[in-house]
Amino acid sequence: MAATRWHVRDFFSSLILHRGKFDLLQIGIINRLLKHRAFQYAAMMVNLFVFWVIILSGFFGSPVGNRNISIVFVWILWWFALIVLMVPLLSRIWCTMCPLPAFGEWLERRALVKKRSAFKYLSLRKPWPSKLNNIWLQNLGFLAIATFSALLVTRPVVTAIVLLILFVVPVFLVLIYSRRVFCRFICPVGGFLGLFSMFSALELRPKDKTLCRNHMTKECVRGNDNGYGCPWIIYPGGLERNNYCGLCFECIKTCPYNNLALNLRSFGGDILAKTGRALDEAWKSFIMLTLAGLYILVMQGPWGVLKDWSNVFWAPPYGWALTGVGGFLPYVGIFWGLSLAVTPSVFFLFTGASKLASGVRSVPLKKLFIDFSYELIPLALMAWIAFSIPLLLVNWSYIVNALLDPVGLGWNVFSGLYVPWTPLIPAVIPYLQSIVLAVGLAYSIKYSYRLAKQNFPEGKAALKAFLPQVVFLTFVSMIFLWLFMG
Amino acid sequence: MNQTEWAALALLVAVLLVPSASIYGYDLWLDAQKLDEEVQVVWITGWAAENGGWSPSEITLRKGVPAKLIITSADVTHGFHVPDLGLDSGPIAPGHKAVIEFVPEETGTFTFRCSVFCSEGHQSMVGKITVVE
Amino acid sequence: MLKRQLLAGAWFTLLIVFAALFYAPSASGGEVVTVHITARQFAYEPGRVVVNQGDTVVFVLETVDVTHGFYIDGYDVDVRIIPGETQTVTVVADTPGKFKIRCSETCGALHPFMVGEFIVLRSGVNIAFLGAAFGLVGVVLAATAYVWRRGD
């Protein structure tokens, strides 16, 4: 009992008071669970079951979105759990249990649970093209899917088809390239999970990097009898950021020195990590920030024209004149133009102002642009959380009904029990959203200054460079605030 | 393959098979009900006229055999109304269903229509029930 | 030192003004306002309804296509708009702020996104938004001052 209380205190002090880190692997049951070979299999299996039901229901169930488990579970329950709970608190824990790459992985390993000792991957093992060794494919893939989101999140059959494709594609990629190239370079969800997990309160890290450097056999990369070499194609011994670690926990099984820790830490720890910063990740920030605003505007705003446009080629009899194809194309233009060009341009201007204000000429503008873009992560994440709050509070009754009647065909599992649509504290939602936004803004400001200090360690230059960034962050936040309350 | 792997494989097969089988089984059960000699069961799905109208829009029933009509709605609120037989389901919200049970007493053709103003094409959302010997 | 005290003083004054605005009786309002709203898939026209606190708002509701619902967050209003009929509902706008109008009758694919906005002003301004904006600026100032003083 005393030991437990000690853990709880450490937990809170590391999470909230930012005092040091707390290694969850110290807790016996977590350690044993994560080192057990059947752990990931079991987690994937639960979700495989749910996803399979979702796909079947999408094809054979009710075409009414809010009566079909495929829409209700994926776009209300899963989305909320992912963005509000899993990403901020537990990093890429979704990737631990995501069933999408499971078939490919099992096929390649020719095993579901065990690690074979005489082992050869069932794959051509071609090297992944070096030009694609970044998240640009994920950036564009996410944007492409987001463009069709009005279709995706309202038609069960579309969700089912997309999920089916996402089950099939990884199998082929595994057979050609081996391991988790799908998750790292293609998966549209993986891109933003990586970016936002930088803010997360959980990290997997080597305890002693010198030990890893001097360890000649590098079993975390090559694998051994206890587990596979890192499926995410990274070197766990050198981890400094969460981005591309999918928390599969193979390395904690393979490391002969138990040199890995699963730390609770303060929010946003990776934003200051200097390795791996690049333009693809900067653009991911711009895309996520812009799309959060556009989603709130289109889906939760009162402008019918935007809804007509978003509804892909659907021409409402009483809608605005420019609908169907004529409306969808400008809509695509707005989505892509704003997130790929306008937001980055405005941010570029403010970064230029930062450089001018600092009075330091030696720091390249491009480096400044990339580095400062990481300050957007807390604000963008919180904007997405704010977007997700009403999804659950307004539509929670759909979840209960979907459980009672999974395919919406009137199964009436519990003798016709039905929960009428009843939004929960709807009048309070704008205030909750504003508070969440303010938290994101405060974190963004904090990291903005620390990023400035990295580039301008001398004198007051950092402070001067930081002020234009504060103006930009405040400006963006005011737009969101207007969407929530104005 | 050792025991663990076999067990894991069995679980995988079960996870994929159980939901598929239950949906297929439900379908078979529905079909079996339709073939019941004692009761004639007919499923009818309401779509707005622009989306195809009633499905099916033509139903054949046998005279004197109890009929059970199960009506669902797939897009907006509809209602199932057969004026000449005095049948009316009232409004049926999307994803919900209404059940009407009656015994066709005389042969002939009876028009059914939507009783809730469901769209522009509401008036053309019609179908017919043919009662035969 | 003096500068900081001045800044704090200015901020405090703003807060007082805001609080006074919030708690003082509204300068306008108390009228009967009739608002005609046409519902269609998947929007209300007009989408934004702006009234003053204290107004009695008579919503006259019609639909041009299918059956829609009319629900206002926090205002205990939930009615059905049936095609061919005119539905009337009266609301006393007693709480300032922005409240979403939501469709409560499944009306097609984008039904969950069918929203409007009911904005209740106080003394001619959207006091809730103004207050939140003040608060947000306060957060900006506090966070900026904090990181500035703590250095790295």
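Keep in mind that this is a model prediction, so the values were computed, not measured. (Residues numbered from 1 in each chain as written. Chains lettered and ligands numbered in written order. Predicted model: local features only at pLDDT ≥ 70, side-chain atom pairs only at ≥ 80, totals over all residues.)

> Explanation requested: the packing of helix H20 (residues 429-455) of chain A against helix H21 (residues 461-485) of chain A in the structure shown.
Working note: a packed helix pair is described by the angle between its axes plus the distance between those axes. Residue and element names in this part refer to chain A. Look at H20 against H21: their axes get within 9 Å of each other, and the N-to-C directions meet at 165°. With respect to each other, H20 and H21 are oriented roughly antiparallel. In this structure, the crossing between H20 and H21 has a hand that is right-handed. Along its contact with H20, which presents Pro 430, Gln 433, Ser 434, Leu 437, Leu 441, Ser 444, Ile 445, Ser 448, Tyr 449, Ala 452 and Lys 453, the element H21 presents Ala 462, Ala 465, Phe 466, Gln 469, Val 470, Leu 473, Ser 477, Phe 480, Leu 481, Phe 484 and Met 485. (Axes fitted to C-alpha atoms, helices over the stretch in contact; angles between N-to-C directions. Helix = DSSP H or I, 4+ residues; strand = E, 2+ residues; numbered from the N terminus. Parallel < 35°, antiparallel > 145°, perpendicular 65-115°, else oblique. Left-handed = near helix turned anticlockwise from the far one by under 90°. Contact = placed C-beta atoms within 7 Å.)

> What exactly am I supposed to notice about the interface of chain C and chain A here?
By a widespread convention, an interface's size corresponds to the accessible area lost as its parts come together. Counting residues at the interface gives 39 residues for chain C, matched by 39 residues for chain A. Contributing elements (two or more residues each) for the side of chain C that touches chain A: strand S2 (43-45), strand S8 (97-102), strand S9 (115-121) and helix H2 (127-150) of chain C. Per element, the largest residue contribution to the side of chain C that touches chain A is twelve residues, and it comes from H2(C). Residues that form the side of chain C that touches chain A fall into these classes: 20 nonpolar, ten polar and nine charged. (Nonpolar A, V, L, I, M, F, W, Y, C, P; charged D, E, K, R; others polar.)

> Sorry if this is basic, but what is going on with the interface of chain B and chain A here?
Residue-level contacts link 19 residues of chain B with 19 residues of chain A. Counting residues per element, the side of chain B that touches chain A draws most heavily on helix H1 (residues 3-34) of chain B, which supplies eleven residues. Here the residues of the side of chain B that touches chain A are counted per class, giving ten nonpolar, six polar and three charged.

> Help me out: how do you make sense of the pairing of strand S8 (residues 126-132) of chain B in this one?
Within a regular strand, the side chains alternate between the two sheet faces. Residue and element names in this part refer to chain B. Of the two faces of S8, only one is covered, namely that formed by Gly 127, Ile 129 and Val 131; the face formed by Val 126, Lys 128, Thr 130 and Val 132 stays uncovered. The pairing of strand S2 (residues 58-62) with S8 spans five bridges and is parallel. Opposite Glu 58, over in S8, you have Lys 128 as the bridge partner. Sheet analysis places strand S7 (residues 108-114) next to S8, joined by six bridges and oriented antiparallel. Bridged to Gly 108 within S8 is Val 131. (Buried ≥ 20, exposed ≤ 12 C-beta atoms within 10 Å, placed from the backbone. Pairing = 2+ DSSP bridges.)

> It is not clear to me how the nonpolar core should be interpreted in this structure. Could you clarify?
Buried together is how nonpolar side chains tend to be arranged in soluble globular proteins. Core analysis: the biggest nonpolar cluster contains 187 residues, and Ala292(A), Ile377(A), Ala380(A) and Ala383(A) have the highest contact counts within it. The dominant element in this core, judged by the number of residues it contributes, is helix H19 (residues 376-404) of chain A, at 15 residues. (Core = buried A, V, L, I, M, F, W, Y, C linked by C-beta atoms within 7 Å.)

> I'm lost on the domain arrangement of chain A in this one. Help?
Residues and elements named next belong to chain A. Assigned domains of chain A: these are domain 1 (21-251) and domain 2 (277-408 + 416-485). A straight line from the C-alpha centre of domain 1 to that of domain 2 covers 25 Å. Taken together, the 36 residues of domain 1 in the interface contact 31 residues of domain 2. Those elements that provide at least two residues to the side of domain 1 that touches domain 2 are helix H3 (38-60), helix H4 (69-90), helix H7 (136-147), helix H8 (149-152) and helix H11 (188-197). If you tally residues by element for the side of domain 1 that touches domain 2, the top one is H4, at ten residues. Class assignment for the residues of the side of domain 1 that touches domain 2 results in 26 nonpolar, nine polar and one charged. (Domains from an automatic or database assignment.)

> What's the story with the sheet that holds strand S1 (residues 40-46) of chain B in this structure? I'm lost.
Strand pairing within a sheet occurs via backbone hydrogen bonds; the two strands may be parallel or antiparallel. Residues and elements named next belong to chain B. One open sheet holds the three strands; their spatial order is S1-S3-S6, and the pairing between them is mixed. Where the open sheet ends on each side, the last strands, each with one partner, are S1 and strand S6 (97-102). Direction aside, the axes of adjacent strands within the sheet are offset by 20° on average. In terms of strand pairing, S1 meets strand S3 (residues 67-73) through seven bridges, oriented parallel. For Ile 44, the partnering residue across the bridge sits in S3 and is Ile 71.

> What is the right way to look at the pairing of strand S6 (residues 77-81) of chain C in this model?
Residues and elements named next belong to chain C. Pairing between strand S5 (residues 68-72) and S6: five bridges, direction antiparallel. Paired with Gly 69 across the two strands is Arg 80, which belongs to S6. Taking the residues between adjacent antiparallel strands as the criterion, S5 and S6 are bridged by four residues, where Gly 74 takes a positive phi near 70°.

> Got a minute to help me understand unusual backbone geometry in this structure?
Leaving glycine aside, a negative phi is the common case for residues, and trans is the common case for peptide bonds. Following Gln41(C), the chain continues to Phe42(C) via a peptide bond in cis, the omega torsion being 0°. With respect to the helices, strands and loops of the structure, Phe42(C) is situated in the loop between strand S1 (32-40) and S2. In the Ramachandran plot, Ser178(A) falls in the positive-phi region, its phi being about 75° despite a non-glycine side chain. Considering the arrangement of structural elements, one finds Ser178(A) in the loop between helix H9 (156-177) and helix H10 (181-186).

> Can you help me understand the domain arrangement of chain B in this one?
Examined at the domain level, chain B breaks down into domain 1 (1-35) and domain 2 (38-132). For domain 1 of chain B and domain 2 of chain B, the distance between their C-alpha centroids amounts to 34 Å.

> Teacher, can you tell me more about the confidence of the model for chain A here?
Where the model shows low pLDDT, its predicted coordinates should not be examined in detail. Of all residues in chain A, 91% have pLDDT values of 70 or greater, and the mean over the chain is 90. Looking at the elements of chain A, mean pLDDT is at its lowest for helix H1 (residues 2-15) of chain A, recorded as 55, and at its highest for helix H18 (residues 365-373) of chain A, recorded as 97. (pLDDT = per-residue confidence, 0-100.)

> Looking at this structure, how should I read the sheet that holds strand S3 (residues 48-52) of chain C?
Residues and elements named next belong to chain C. Strand order in the open sheet made by the five strands is S3-S9-S8-S5-S6, with mixed pairing throughout. This sheet does not close on itself; its edge strands, each paired only once, are S3 and S6. The mean angle between the axes of side-by-side strands here comes to 20°, regardless of whether they run parallel or antiparallel. The pairing of S3 with S9 spans five bridges and is classified as parallel.

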